[in-house]
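Each chain is listed here by its residues.
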Amino acid sequence: MTATTKPLPAAGRGIGRALRPTAKVLPEHARAHNRSLVLQHLFHYGPSSRADIARSTGLTRVTVSDLVAVLLSEGLVEELGIRNEGKVGKPATLVGMRTDDFQIVAADLTDEANLRAAVRTLVGDVVARGSAHLDGRTGADAVATLEHLLREMLAAATRPVIGIGIASPGVIDADGHVLEAPNRGWYDVPLAADLSAALGVPVHVANDANTRALAEFTYGAATGDGTMVVTVGQGVGAGIVVDGVLVRGRRHAAGEIGHVTVVDETTPDEDPQPCACGRTGCLETVLSVPALRRRVAGLDPHATDAALASVGRMLGLVLAPVSSALNLAEIVLSGPPELLDGPLREATLDTVRRRTMPAIGQGLQVRMASLDEDGALAGASVLVLAGQLGVS
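Cut-offs applied
Residues numbered from 1 in each chain as written. Predicted model: local features only at pLDDT ≥ 70, side-chain atom pairs only at ≥ 80, totals over all residues. Heavy atoms only, no water. Pairing = 2+ DSSP bridges. Helix = DSSP H or I, 4+ residues; strand = E, 2+ residues; numbered from the N terminus. Buried < 20%, exposed > 50% of the residue type's maximum accessible area, 1.4 Å probe, protein only. Contact = heavy atoms within 4.5 Å. Phe/Tyr/Trp six-rings, centres within 6.5 Å; stacked < 30°, edge-to-face > 60°. Lys NZ or Arg CZ within 6 Å of the ring centre and 35° of its normal. Core = buried A, V, L, I, M, F, W, Y, C linked by side-chain atoms within 4.5 Å. Axes fitted to C-alpha atoms, helices over the stretch in contact; angles between N-to-C directions. Left-handed = near helix turned anticlockwise from the far one by under 90°. Nonpolar A, V, L, I, M, F, W, Y, C, P; charged D, E, K, R; others polar. Arc of directions from axis to C-beta. Salt bridge = Lys/Arg side-chain N within 4 Å of Asp/Glu carboxyl O.

### Description of the pairing of strand β3 (residues 92-97)
- Alignment of strand β1 (residues 48-49) against β3, held across two bridges, turns out to be antiparallel. Looking at the pairing, S49 lines up with L94 of β3.
- Across six bridges, strand β2 (residues 77-83) lies against β3 in antiparallel orientation. Paired with I82 across the two strands is T93, which belongs to β3.

Take a look at the structure:
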């Protein structure tokens, strides 16, 4: 199949919420910003009249009419007929975003042994799936395996692909440059640029925890008032959305809670274990999925609950100051529910509440992610929506 970066053409349904822009809009960016506002409205609220869009976005009707005309010519939106409201005057013509004729390829690199990918519609439906075994490959060999998988997904798409989104472990800058991903053997790798050049399709790459936070915000149950998504897999990380803004940090490493020390020689009944970062006693050494499975192996149900609650208390110790500093509304746990949803989650919430003032802790929720194991793939799709269409 021939991939394309053209805009889209079946009217989109309303979905999710829009992230708040974080940069000042300069005059030369105004038209692109206004275009994004129109597409954001149509994506999140569904078919609307031009007057509806103007009221929602704060743009003038003339500006909206001009932008809709351009979007119609590009095939991004379509007119859907007249809305008959029984009012005096000219009836309103509805326009809708065309979401059925274009697709996204999303990839999840969080599993240490396997790469997962899918072709998805713009509203999140899965069209095709694929996977690839790494067989211990790292560095350039792992990139080559990923490229081959992405080519297979492009071939499996049934509509033109507007972009590829990748959720990857590691510290990744806003340009999709992997600064460091030790488990993959990637250091200073321009992953987005290299893959885009090889595949001829725009590629967007971000940290997997950040993509899961985006997925909860756009497709899931997060409010955006203050959400922290803690991802528990081979490692531990977090993505944070506060006041509708994804928190990235000074060196794109916000949310790296997995390497906060929680066990040292003074910790009762715990022996500090070595961590992949080179230190000992990091949160990752007790909370990662392999660490949790080792901890509960061979235990009876009562002892298993106690062991998981112990880790939940350690997680709560890490999250209490973060919750206080950011005044979070919720902490979302993403990972195996048989390990996380129960004593561990309950102990986490109890610890945070006991260690924060009532105004912070009493309203806080700790819940499981509303999305399934496809959370990272959903977030990777959001990277493309935002990067190519200005929609999030």
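### Re the environment of A386
- Along the chain, the position of A386 falls in helix α13 (residues 375-389).
- Given the relative accessible area of 37%, A386 is considered partly exposed.
- Sequence separation between A386 and S36 is 350 residues, and the spatial gap between their C-alpha atoms is 9.2 Å.
- With near-sequence residues (within four places) excluded, A386 lies in contact with V391 and S392.

### Looking at the packing of aromatic side chains
- The tally for this structure, following the rule as stated, stands at zero aromatic pairs.
- Sitting over the face of the ring of Y219, R120 holds its NZ or CZ atom 5.8 Å from the ring centroid.

### Overview of the nonpolar core
- Membership of the largest hydrophobic core comes to 36 residues, with the highest contact counts inside it found for V38, L39, L42, I53, I162, L385 and L389.
- Looking at this core, the elements that each hand over two or more residues are α1 (30-45), α2 (50-57), α3 (61-74), β3, α6 (208-218) and α13.
- Contacts of I53, omitting those with residues within four sequence positions, involve V38, H41, L42, S48, V64, V68 and V95.
- A238, V311, V352 and L364 belong to the second-largest nonpolar core, a separate cluster that totals 34 residues.

### Brief notes about the packing of helix α8 (residues 289-296) against helix α9 (residues 301-326)
- For the pair α8 and α9, interaxial distance at closest approach is 9 Å and the crossing angle is 145°. In terms of crossing hand, the pair formed by α8 and α9 is right-handed. Between α8 and α9, the residues in contact are L292, R295 and V296 and T304, A307, L308, S310, V311 and M314, respectively.
- Along the lines of polarity and charge, the residues of the contact of α8 with α9 split into six nonpolar, two polar and one charged.

### Considerations on the sheet that holds strand β16 (residues 365-368)
- With respect to topology, five strands assemble into an open sheet ordered β14-β13-β12-β15-β16, the strand pairing being mixed. Where the open sheet ends on each side, the last strands, each with one partner, are β14 (245-246) and β16.
- Sheet analysis places strand β12 (residues 227-232) next to strand β15 (residues 330-334), joined by five bridges and oriented parallel. Bridged to V229 within β15 is V332.
- Where α6 meets the sheet, it contacts β12, β13 (236-242), β14, β15 and β16, and its direction lies at approximately 45° from that of β13.

### A short note on helix α5 (residues 191-199)
- Every buried residue belonging to α5 is among L191, A192, L195 and L199, and all of these are buried. Taken around the axis of α5, the buried residues stretch over an arc of 95°, which confines them to a single face.

### A short note on unusual backbone geometry
- The phi dihedral of D188 is positive, around 55°, even though this residue is not glycine.
- Here D188 lies in strand β10 (residues 186-189).
- Even without glycine at this site, D269 takes up a positive phi of about 60°.
- Here D269 is to be found in the loop between β14 and α7 (284-287).
- A residue is classified by how much of its surface remains accessible, and D269, at 81% relative accessible area, is exposed.

### Examining the environment of E216
- Topologically, E216 is positioned in helix α6.
- In sequence terms E216 and L283 are 67 residues apart; their C-alpha atoms lie 23 Å from each other.

### Details of the pattern of salt bridges
- Evaluated as defined, the whole model comprises 18 salt bridges.
- Between E74 and R35 there is a salt bridge, with its nearest N and O atoms 2.8 Å apart. With E74 in helix α3 and R35 in helix α1, this pair connects stretches of sequence that are 39 residues apart.
- Its relative accessible area of 31% is what places E74 among the partly exposed residues.
- Across the pair E270 and R295 runs a salt bridge, and its minimum N-O distance is 2.9 Å. Taken together, the positions of E270 in the loop between β14 and α7 and R295 in helix α8 put the pair 25 residues apart, joining distant regions of the chain.
- Take E270: its relative accessible area is 17%, and that puts it in the buried class.
- Judged by relative accessible area, R295 falls into the partly exposed class, the value being 23%.
- One network of salt bridges, in which partners are shared, links E78, R98, D101 and R159.

### Thoughts on the sheet that holds strand β4 (residues 103-108)
- Taken in spatial order, the five strands of this open sheet run β6-β5-β4-β7-β11, and their pairing is mixed. On the outer flanks of this sheet lie β6 (126-133) and β11 (203-207), each paired with one strand and no other. Recorded for the sheet is a direction-independent mean angle of 15° between the axes of neighbouring strands.
- Sheet contacts for helix α4 (residues 139-156): β4, β5 (114-121), β6 and β7 (161-168); angle to β5, the most-contacted strand, approximately 25°.
- The strands that α6 touches are β4, β7 and β11; relative to β11, the one it contacts most, it runs at about 100°.

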